[in-house]
Amino acid sequence: METRGRSLVKAVVWNVIGLVSMTLVGFLATGSVSAGGMMAAVNTALGFATYLIYERVWARISWGRLGHQSGGHLHA
């Protein structure tokens, strides 16, 4: 299991990458830096929240991990 801090840092880095790429896509689609930036900001906020939840859920599931057995978690 990883710490909440690690999950948070991973989410921030991933979302910075997404923000930059979505800003470019938004700009190319609209021709406007502000419209592209707004699209990217909304996408990043939604993606950040869902990624954090997704990571924390998977951190609690031991299925598919090698050499990891603990009671109360899902196992294959």
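To start, this report covers the structure provided alongside it. Within any chain, residue numbers begin from 1 and follow the written order of that chain's sequence. Reporting of local features is limited, given that this is a predicted model, to residues whose pLDDT is at least 70; pairs of side-chain atoms are given and counted only at 80 or more, and all residues count toward the totals for whole chains, interfaces and linings. Side-chain descriptors were evaluated using all non-hydrogen atoms of the structure, hydrogens and water having been removed beforehand.

**Concerning the overall build of the protein**
- In DSSP terms, a helix is any run of H or I states spanning at least four residues, a strand is any run of E spanning at least two, and both are numbered starting from the N terminus. Each helix and strand in the protein was counted, giving two helices and zero strands.
- A contact between two residues is defined here by any heavy atoms of the two lying within 4.5 Å. In the protein, the proportion of contacts linking residues at least 24 apart, taken out of those at least 6 apart, comes to 49%.
- Total accessible area on the protein stands at roughly 5500 Å², and carbon and sulfur atoms take up 73% of it. Note that accessible areas follow from Shrake-Rupley with a 1.4 Å probe, and for residues the cover is restricted to the protein chains shown.

**Considerations on the packing of helix H1 (residues 4-30) against helix H2 (residues 33-59)**
- Here, axes are lines fitted to C-alpha atoms. For helices the fit covers the stretch in contact, and angles between N-to-C directions go from 0 to 180 degrees. It is at 7 Å that the axes of H1 and H2 come closest, and there the two elements cross at 155 degrees. Judged on the interaxial angle alone, H2 and H1 are roughly antiparallel. The two elements H1 and H2 meet at a crossing, and its hand is right-handed.
- The residue classification treats Ala, Val, Leu, Ile, Met, Phe, Trp, Tyr, Cys and Pro as nonpolar and Asp, Glu, Lys and Arg as charged. All others, Gly included, are polar. When grouped by side-chain class, the residues that make up the contact of H1 with H2 number 15 nonpolar, eleven polar and four charged. When describing relative orientation, an angle under 35 degrees is termed roughly parallel and one over 145 degrees roughly antiparallel, while 65 to 115 degrees is termed roughly perpendicular and anything else oblique. What makes a crossing left-handed is the near helix being turned counterclockwise from the far one by less than a right angle; a clockwise turn instead makes it right-handed.

**Points about the environment of Met1**
- The topology assignment puts Met1 in the segment before H1.
- A C-alpha to C-alpha distance of 9.1 Å links Met1 and Arg56, two positions 55 residues apart in sequence.
- The residues touching Met1, leaving out its near neighbours within four places in the chain, are Arg56, Ala59, Arg60 and Arg65.

**Some words on the pattern of salt bridges**
- One speaks of a salt bridge when a side-chain nitrogen belonging to Lys or Arg is within 4 Å of a carboxyl oxygen belonging to Asp or Glu. Across all of its chains, the model carries one salt bridge by this definition.
- We note a salt bridge from Glu55 to Lys10, for which the minimum N-O separation is 3.2 Å. Placement of Glu55 in helix H2 and of Lys10 in helix H1 is noted, with a sequence separation of 45 residues between them.
- Any residue under 20% of the maximum accessible area for its type is buried, any over 50% is exposed, and the rest in between are partly exposed; the area is computed with a 1.4 Å probe on protein chains only. The class of Lys10 is partly exposed, set by a relative accessible area of 28%.

**Notes on the packing of aromatic side chains**
- The pairing test for Phe, Tyr and Trp rings, Trp by its six-membered ring, is centres within 6.5 Å, and the orientation test on the planes gives stacked under 30 degrees, edge-to-face over 60, and tilted for anything in between. Taken as a whole, this structure holds one aromatic pair when the rule is applied.
- With centroids separated by 6.4 Å and ring planes inclined at 45 degrees, the aromatic side chains of Trp58 and Trp63 adopt a geometry described as tilted.
- Exposure remark for Trp58: the relative accessible area of 37% places this residue in the partly exposed category.

**What to know about H1**
- Here the expected length of a helix is defined as 1.5 Å per residue gap, with one fewer gap than residues. For H1, which comprises 27 residues, the first-to-last C-alpha distance of 37 Å matches the rise-based estimate of 39 Å (1.5 Å per residue) to within 8%.
- Where H1 is buried, its residues meet H2.
- Following H1 by one or two positions, Gly31 has its phi on the positive side, about 80 degrees.

Take it as geometry only, folks, not as evidence of what the structure does.
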